[in-house]
Amino acid sequence: MTPKELAIIAVKALDEKKGKEISAIEITDLTTIADYFVIASGTSNTQINALSGAVEKAMKEQAGEDPLRREGYRDGTWVLLDYGAIIVHIFSQEAREFYSLERLWGDGKPMDLSGVLKAD
């Protein structure tokens, strides 16, 4: 699977579990750490953990991928799932505003998710 296809799997999993403000940024030309960042917010620690579980389940079932690394489960304000080609960031609203990845990686190319996300 391509990195873009993996990012779409993660985006759909986040959307199905009611993740907030889901976005994806192509960072291929900016860094070697990944091709895409997928970013979402959760409304509580419980939802953040449910969102990360949904991504892990979808990536395993649809792509046969397990995360290379998981970070942040303990405090529940930011979970990072590293799949090599894509890195999924799931934040509390406060942590997302603090780290501001979209601003930090503003030179990346935002992925058009209009055909991927379900309308609320």
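The notes below deal with the structure included here.

Conventions used here
Residues numbered from 1 in each chain as written. Predicted model: local features only at pLDDT ≥ 70, side-chain atom pairs only at ≥ 80, totals over all residues. Heavy atoms only, no water. Helix = DSSP H or I, 4+ residues; strand = E, 2+ residues; numbered from the N terminus. Expected span 1.5 Å × (residues − 1). Buried < 20%, exposed > 50% of the residue type's maximum accessible area, 1.4 Å probe, protein only. Contact = heavy atoms within 4.5 Å. Polar contact = N/O pair within 3.5 Å; in protein donor to acceptor, adjacent residues only side chain to side chain. Pairing = 2+ DSSP bridges. Phe/Tyr/Trp six-rings, centres within 6.5 Å; stacked < 30°, edge-to-face > 60°. Axes fitted to C-alpha atoms, helices over the stretch in contact; angles between N-to-C directions.

## Topic: helix 2 (residues 45–63)
Then, number 1: For helix 2, with 19 residues, the first-to-last C-alpha span of 26 Å sits near the 27 Å given by 1.5 Å per residue.
Then, number 2: Along helix 2, the residues classified as buried are Q47, I48, L51, S52, A54, V55, E56, A58 and M59.
Then, number 3: Buried residues along helix 2 sit in contact with helix 1 (3–16), strand 2 (36–42), strand 3 (69–71), strand 4 (78–82) and strand 5 (86–92).
Then, number 4: In the segment just after helix 2, G64 is the residue with positive phi, at about 65°.

## Remarks on the environment of E5
Then, number 1: Along the polypeptide, E5 turns up in helix 1.
Then, number 2: For the pair E5 and A63, spaced 58 residues apart in sequence, the C-alpha to C-alpha distance is 9.1 Å.
Then, number 3: Among the polar contacts listed, one links the side chain of E5 to the backbone nitrogen of T2, at a separation of 2.8 Å.

## Let's talk about the pairing of strand 4
Then, number 1: Where burial is concerned, most of strand 4 is hidden: 4 out of the 5 residues are buried.
Then, number 2: Two elements, strand 3 and strand 4, share 3 bridges in a ladder whose sense is antiparallel. Paired with R69 across the two strands is D82, which belongs to strand 4.
Then, number 3: Sheet analysis places strand 4 next to strand 5, joined by 5 bridges and oriented antiparallel. Across the sheet, residue L81 finds its bridge partner in strand 5, namely V88.

## Focus: the packing of aromatic side chains
For any pair of aromatic rings, the description consists of the separation of the ring centres together with the inter-plane angle of the planes.
Then, number 1: Per the stated rule, a full pass over the model turns up 5 aromatic pairs.
Then, number 2: When the ring of F91 is compared with that of Y99, the centres are 6.1 Å apart and the planes differ by 25°; the resulting orientation is stacked.
Then, number 3: The exposure class assigned to Y99 is partly exposed, which follows from its relative accessible area of 36%.
Then, number 4: The interplanar angle of 90° and the centroid separation of 5.0 Å between the aromatic rings of F98 and Y99 together place this pair among those described as edge-to-face.
Then, number 5: Members of the aromatic cluster, joined through ring pairs, are W78, F91, F98 and Y99.

## What to know about the sheet that holds strand 4
Then, number 1: Spatially, the 6 strands line up as an open sheet ordered 3-4-5-2-1-6, and their pairing is mixed. The open sheet has two free edges, formed respectively by strand 3 and strand 6 (109–110), since each of these has just one partner strand.
Then, number 2: In the sheet, strand 2 pairs with strand 5 via 7 bridges, with the strands oriented parallel. Within the sheet, the bridge partner assigned to S41 lies in strand 5 and is F91.
Then, number 3: The sheet contacts of helix 1 involve strand 1 (20–26), strand 2 and strand 5, and relative to strand 2 the element is tilted by about 5°.
Then, number 4: Each of strand 2, strand 3, strand 4 and strand 5 touches helix 2; the most contacted strand, strand 5, lies at about 160° to it.

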